[in-house]
Amino acid sequence: MENGSFQTINDQVVMRLRDRVCDTSERMLASELFLRVLKQYIAGLSKKQSKLLGIFPNPRAITDEDIHLLVDSLHYLIKLPVELVPRVIPGSEIFFANKELFTEFIEQLYHYWRHLHRLIICDSAGDSFDQRPYRTFNSTLETLMHVVRSTYRDVQENVSGKHPRIYRQVAAGAQVGAIALPKDIPYPDGVYNKLNSISIIRQVLIYPPMIFNSTTNTRKGVFERVYQNPVGNLDINKNDWLCYPAKVGPLLIMNYFNVKLFELGFALSNLFEVANDEDLKNTPDAVFLYGTPDSMMPISESSDTIFYDDEENDILASTIPLRDEFGYFGYLKKMILTLHNVKIMKTGRLPFHGAMFNITVRDKGSYTVMIIGDSGAGKSESLEALRIIAQDDIEDIIIIADDMGSIEINDDGVILGFGTETGAFVRMDDLQPGYAFGQIDRAIIMNASQVNARVVLPVTTYDEVMRGYPVDFVFYANNYDIVDAEHPTIEHFTSPETALKIFQEGKVMSKGTTTSTGVVANYFANIFGPPQYHDLHDQLAQKYFKHFFDQDIYVGQIRTQLGVPGKERNGPEEAAKELLNLLKNI
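Residues numbered from 1 in each chain as written. Predicted model: local features only at pLDDT ≥ 70, side-chain atom pairs only at ≥ 80, totals over all residues. Heavy atoms only, no water.

Q: Explain helix α12 (residues 496-505) to me, using residue names and the numbers behind them.
A: Among the residues of α12, those classed as buried are Pro 496, Ala 499, Leu 500 and Phe 503. Seen along its axis, α12 keeps its buried residues to an arc of 100°; they face one direction. Across from the buried face of α12, at angles greater than 90 degrees, the exposed residues are Glu 497 and Lys 501. Tucked inside the fold, the buried residues of α12 contact β15 (365-372), β23 (473-478), α13 (534-550) and β27 (554-559). Gly 506 sits one or two positions beyond α12 and adopts a positive phi of about 60°. (Buried < 20%, exposed > 50% of the residue type's maximum accessible area, 1.4 Å probe, protein only. Helix = DSSP H or I, 4+ residues; strand = E, 2+ residues; numbered from the N terminus. Arc of directions from axis to C-beta. Contact = heavy atoms within 4.5 Å.)

Rendered as structure tokens:
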């Protein structure tokens, strides 16, 4: 580190820069961070009583002098063959007594560094990093990556006397980089002003695929409305936090995340558009603090995942504690969408939990389809199946909403659909075989070896999310019924009362995305806002469903069978085929 600071938190390294990283091997080896990492690596080897410690004179009692002698030796080993180093550094010959053991020691040190979760924050305070982001990232993340790799290779080649025949250009620097700076957000006077000490992310660089395991991989419970502002309890240490300012549909939501959760926080960059400077001149619609210490959480009787409706200041405030049980991306994403839904209902729009897309059928025209359903109902999976099977019949598919959105009635009485996310957070198990790997150069993959493995992928643009498409079809995604003569793949409803009953029940066969099992029912398949504002949502739902039928919009249910054993793959494919037939023959 040339000019900045760093934190090591368990298996994480967070580097904050004001200028640039070490741009030579010599500077890197002389840095405090390298010494910290080396000592942590040696401590880990000591716990395991590793044979690799045999490079030291006394493997059971390694002193600071031993470690500093090793660092001094490495300084020369990046330039000199191993035989010459002891002539310059007396005593270093002990390290090279067994060259194979020393080579393995360096190899494992390199792997140890790469197994750490590594973040660089380019602090733009008093500078203009955010005005020249490419140059900034090039002089930080790219430079560090090349310095680490070249140092490792130079040492190994000078020990072995051989050049590798195969070079693997792995991301050996940081996995994630961000340009962040303090910015005065026009919060209402009072408790929110303390948040302005936290740096706000302006640009992000990720080396995909970004792969990590979170501390849990399911979400449980609900987001509870409370009547005490949780921001009031906060004692902010700006170095513990970063802010991802997200455009969520038409809203600005400031997402503050604890740096201990930075992998989850930066996964937002594959899901939501980052707000621009003009957006940040406006008062945010909501603030969300993810990773709040328990000591700062207000007392809640039934939930720790809470939000407060600050009606006086027209802003929502929410918090989730810093605990392993909440270390899952679903908590981060769904709280943001809950805040969106609450705010959007107050404007007269109806939020929906589902997918929406505009599809252009060759020789027929374009249609906007909305599929409403709970987590694991088969919304995204059916859309992906449609994309794959219909290549000859479909000219284009534009994703408007992958998981959450809203509809409004415009001045002409037309129902327009809007989205929230520019990305998708989907189960790998339910995607078409190989699909996630075909997108791996853009992917953020979580818990890949576990049930409910997930991938976050960009799927659309903010312009499409916000364009406002006239809605032509509204379906409920039924993943639990088996298709037979009495239960067709697509069923057309003939009245708003019949439709409302199905949509209001919100039944779904749980797919393991939460702790629920079996067929469960949630009001409008959407626990993210509507149940907390039941009366308001009921009024809106009745108004909009009546309008669907008044405007002759097709309303029905589509049976995806995603929750039926043995139908996880071909169920959504059959649903996609039926939907395509409907669009071709309407």
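Having seen it, we continue.
Q: Residue-level account of the pattern of salt bridges, with values.
A: Taken as a whole and assessed by the stated rule, the structure comprises 29 salt bridges. Between Glu 278 and Lys 281 there is a salt bridge, with its nearest N and O atoms 2.8 Å apart. Here the two residues Glu 278 and Lys 281 agree in accessibility, since each one is exposed. Among the ionic pairs, Glu 408 bridges to Arg 349, the shortest N-O distance being 3.3 Å. Placement of Glu 408 in strand β17 (residues 404-409) and of Arg 349 in the loop between α8 (329-346) and β14 (350-361) is noted, with a sequence separation of 59 residues between them. Given the relative accessible area of 23%, Glu 408 is considered partly exposed. (Salt bridge = Lys/Arg side-chain N within 4 Å of Asp/Glu carboxyl O.)

Q: Now, about the nonpolar core: what can you tell me, with residues and values included?
A: In a soluble, globular protein the nonpolar side chains are often hidden away together inside. Judged by nonpolar contacts, the single largest core of 80 residues is most densely connected at Phe 329, Ile 407 and Phe 503. Examining the composition of this core, we find that 9 residues originate from one element, α8, more than from any other. Grouped together as the second largest cluster of nonpolar side chains are 54 residues, Leu 45, Val 82, Leu 101 and Tyr 207 included. (Core = buried A, V, L, I, M, F, W, Y, C linked by side-chain atoms within 4.5 Å.)

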